[in-house]
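# Structure assessment
Each chain, letter by letter, is given below.
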Amino acid sequence: MSKPKVTLVTSAEMPDLYTNDAGLLDALVDRGTDPHIAVWNDPNVNWDDAGVSVVRSVSDYATDRDAFIQWSRSVPRLLNHPDVLEWNSDKHYMIELEKRGLPVIPTMWLEPEQNLSKHQVHARFPASGDFVVKPAVSSGVRDVGRYSANDTKQRQAAIMHAMTMLSEGRSVMVQRYLEDIDIHGEISLLFFNGLVSHSVEKTAMLSPDTMSAPVFRESVVEARDASAEQWQWGELIRSILHSYVRDRMGRDELFLYNRVDLVPDGQGSFRVMEVSLVDADLYLASSPAAMNNFADAIAMRAFW
């Protein structure tokens, strides 16, 4: 009996997957599968012969999202599901999830079709405190900047940042920076095949007047035991996500992986920064159980 084939999907700029994924191939071999790595837009790959394809470090999908979505719909057995990849690869999904009760970071949306002037963009920035400017379609922390509303030069830099993206036809998000992130960091809750796996705490990635690096940059990650309250938040968020999926697809869909990023709201609770179902770094190196949990989840789907 032949071993079920598993193809881990990446980008040309990350041929060996994320650093945290090191060891995943060996873990899949140990579970009786035949794992390989392939680049999503490599024309020489026969996806009909890829077995179960698992989207991993496709860090360049945002440069041609339409081509990525088209590719995803051509792959016979792709995880996560192509429809999930489509809506989750554009952060406008946060608007829909907020309508369903998701506690998100308040966001001002700037759209290319609005033809906003520099003055109009300026008027949409917060009047005080720090704020973040970022594209609605992006991978990792590319093109994300943190600015101080009270500094004239930083406001000017933020205006140019937003105007550049708008001129490229990209939607822009403007969010107030939650200062508690500098104190407590961000929390990521990880779920595999719908089951709780692990959680990590990440340090703040942006200091004031800072633009993210043009290549993938990882924050300092520390494994931690999530509190019962945080897991309850995770379950609430997952229920909202699955209600959205059911309405879109007419049925529910099990996510192979789901990363929920929470940030303190300064009032003793949390807000959702992002739900990552496309190119999420799953921080598999953060704890001994994390790698095994993910390899088990993939093997389970491969043997279905």
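First things first, this report covers the structure right here in the doc. (Residues numbered from 1 in each chain as written. Predicted model: local features only at pLDDT ≥ 70, side-chain atom pairs only at ≥ 80, totals over all residues. Heavy atoms only, no water.)

## Notes on the layout of surface pockets
Keep this limit in mind: A cavity, in this analysis, means grid points on a 1 Å lattice covering only the protein atoms where a 1.4 Å probe fits yet has no way out; a pocket is instead an open set bounded by protein on both sides within 12 Å along at least five of seven lines, and a residue lines either one if it has an atom within 4 Å of a point. Grid points are joined across faces, edges and corners, and a volume is the space filled by probe spheres set on the points. Polarity classes work like this: nonpolar for Ala, Val, Leu, Ile, Met, Phe, Trp, Tyr, Cys and Pro, charged for Asp, Glu, Lys and Arg, and polar for all others, with Gly in that last group.
The space that makes up the largest pocket amounts to roughly 230 Å³. Lining the largest pocket are 13 residues, and of these Ala62, Val137, Gly169, Arg170 and Ser171 sit closest to its centre. Its residues assigned to classes, the lining of the largest pocket comprises five nonpolar, three polar and five charged.

## Examining empty space enclosed by the protein
Across all of its chains, the model carries two cavities of 30 Å³ or more by this definition. Computed from the structure, the second largest cavity encloses a volume of approximately 40 Å³. Forming the boundary of the second largest cavity are Phe191, Gly194, Arg238, His242, Leu254, Phe255, Tyr257 and Asn258.

## Examining the side chain of Asp130
Heads up, the condition is: Helix numbers and strand numbers start at the N terminus; a helix is a DSSP run of H or I with at least 4 residues, a strand a run of E with at least 2. Categorising residues by exposure relies on relative accessible area from a 1.4 Å probe, with only protein chains included: less than 20% of the type maximum marks a residue as buried, more than 50% marks it as exposed, and the intermediate range marks it as partly exposed. Under this definition, polar contacts are N or O atom pairs within 3.5 Å; protein pairs additionally need one hydrogen-donor-capable and one acceptor-capable atom, and for neighbouring residues in sequence, both atoms have to be side-chain atoms.
Residue placement: Asp130 occurs in strand S6 (residues 130-135). Taking the relative accessible area as the measure of exposure, Asp130 reaches 10% and is therefore buried. At 2.9 Å, the side chain of Asp130 and the side chain of Arg146 are in polar contact.

## A few points about the nonpolar core
Most often, soluble globular proteins keep nonpolar side chains buried together rather than apart. Basically, it comes down to this: Only buried Ala, Val, Leu, Ile, Met, Phe, Trp, Tyr and Cys residues count toward a nonpolar core, and they belong to the same one when joined by side-chain atoms within 4.5 Å.
Ranked by internal contacts, the top residues of the largest apolar core, which has 40 residues, are Leu24, Val54, Phe68, Trp71, Tyr257, Phe294 and Ile298. Taken together, the elements giving at least two residues each to this core come down to strand S1 (5-10), helix H1 (24-30), strand S3 (52-55), helix H2 (65-72), strand S4 (78-79), strand S9 (186-192) and helix H9 (288-302). The element best represented in this core is H9, accounting for six residues. The next biggest cluster of nonpolar side chains, apart from the first, holds 24 residues, and it includes Leu97, Leu102, Trp233 and Phe255.

## Quick look at the pairing of strand S13 (residues 257-264)
Note the following rule: Here, strands pair whenever DSSP counts at least two bridges between them.
S13 sits mainly inside the fold: eight of its eight residues count as buried. Sheet topology places S9 next to S13; six bridges connect them, and they run antiparallel. The residue bridging Ser188 from the neighbouring strand is Asp261, located in S13. What sits between the antiparallel neighbours S13 and strand S14 (residues 270-276) is a turn of five residues, in which Gly266 has the positive phi angle 80°.

## Structural notes on unusual backbone geometry
Cis peptide bonds are those with omega within 30 degrees of zero, and the linkage from Leu79 to Asn80 qualifies with 0°. If you trace the backbone, Asn80 turns up in the loop between S4 and helix H3 (82-88). Positive phi, normally seen in glycine, also occurs at Leu17, with a value near 70°. Its location among the elements puts Leu17 in the loop between S1 and H1. By relative accessible area, Leu17 is classed as buried at 8%. Unlike most non-glycine residues, Asn193 shows phi in positive territory, near 50°. Secondary-structure assignment places Asn193 in the loop between S9 and strand S10 (195-202). On the basis of relative accessibility, which here comes to 10%, the residue Asn193 falls in the buried class.

## Some thoughts on a nonpolar patch on the surface
Under the convention used in this document: Like charges within 9 Å and nonpolar side chains (Val, Leu, Ile, Met, Phe, Trp, Tyr) within 5 Å are joined into patches, using only residues over 30% in relative accessible area that form no salt bridge. Surface exposure here means Shrake-Rupley accessible area, sampled with a 1.4 Å probe, where a residue is shielded only by the protein chains that are shown. A side-chain nitrogen of Lys or Arg and a carboxyl oxygen of Asp or Glu constitute a salt bridge if their distance falls within 4 Å.
A surface patch of nonpolar side chains, about 340 Å² in accessible area, is lined by Leu254, Met300 and Trp304. By the element assignment, Trp304 lies in the segment after H9.

## Re the pattern of salt bridges
Considering all chains together, one arrives at 18 salt bridges under this definition. Lys202 is the partner of Asp261 in a salt bridge, and the nearest nitrogen-oxygen pair spans 3.6 Å. Pair noted here: Asp261 is in strand S13 and Lys202 is in strand S10, with a separation of 59 residues, a long-range link. Residue Asp261 shares its accessibility class with Lys202, and that shared class is buried. Between Arg238 and Glu235 there is a salt bridge, and its shortest N-O distance comes to 3.1 Å. Here Arg238 and its partner Glu235 are both found in helix H8 (residues 228-249), three residues apart, which amounts to about one turn of the helix. The structure contains a network of salt bridges with shared partners spanning Arg73, Asp83, Glu86 and Arg248.

## Focus: the sheet that holds S13
Test applied: A fitted line through C-alpha atoms represents every axis, and for helices the fit uses only the stretch in contact; the resulting angles, taken between N-to-C directions, go from 0 to 180 degrees. By definition, residues are in contact when any of their heavy atoms lie within 4.5 Å.
As summarised here, the arrangement of the five strands in space is S12-S10-S9-S13-S14, forming an open sheet in which the pairing is antiparallel. In this open sheet, the two edge strands, each paired with only one partner strand, are strand S12 (221-223) and S14. Each adjacent strand pair in this sheet contributes to an overall mean axis angle of 30°, direction not counted. In the sheet, S13 pairs with S14 via six bridges, with the strands oriented antiparallel. Bridge assignment links Val260 to a residue of S14, and that residue is Val275. The strands touched by H9 are S9, S10 and S13; relative to S9, the strand with the most contacts, the crossing angle is about 35°.

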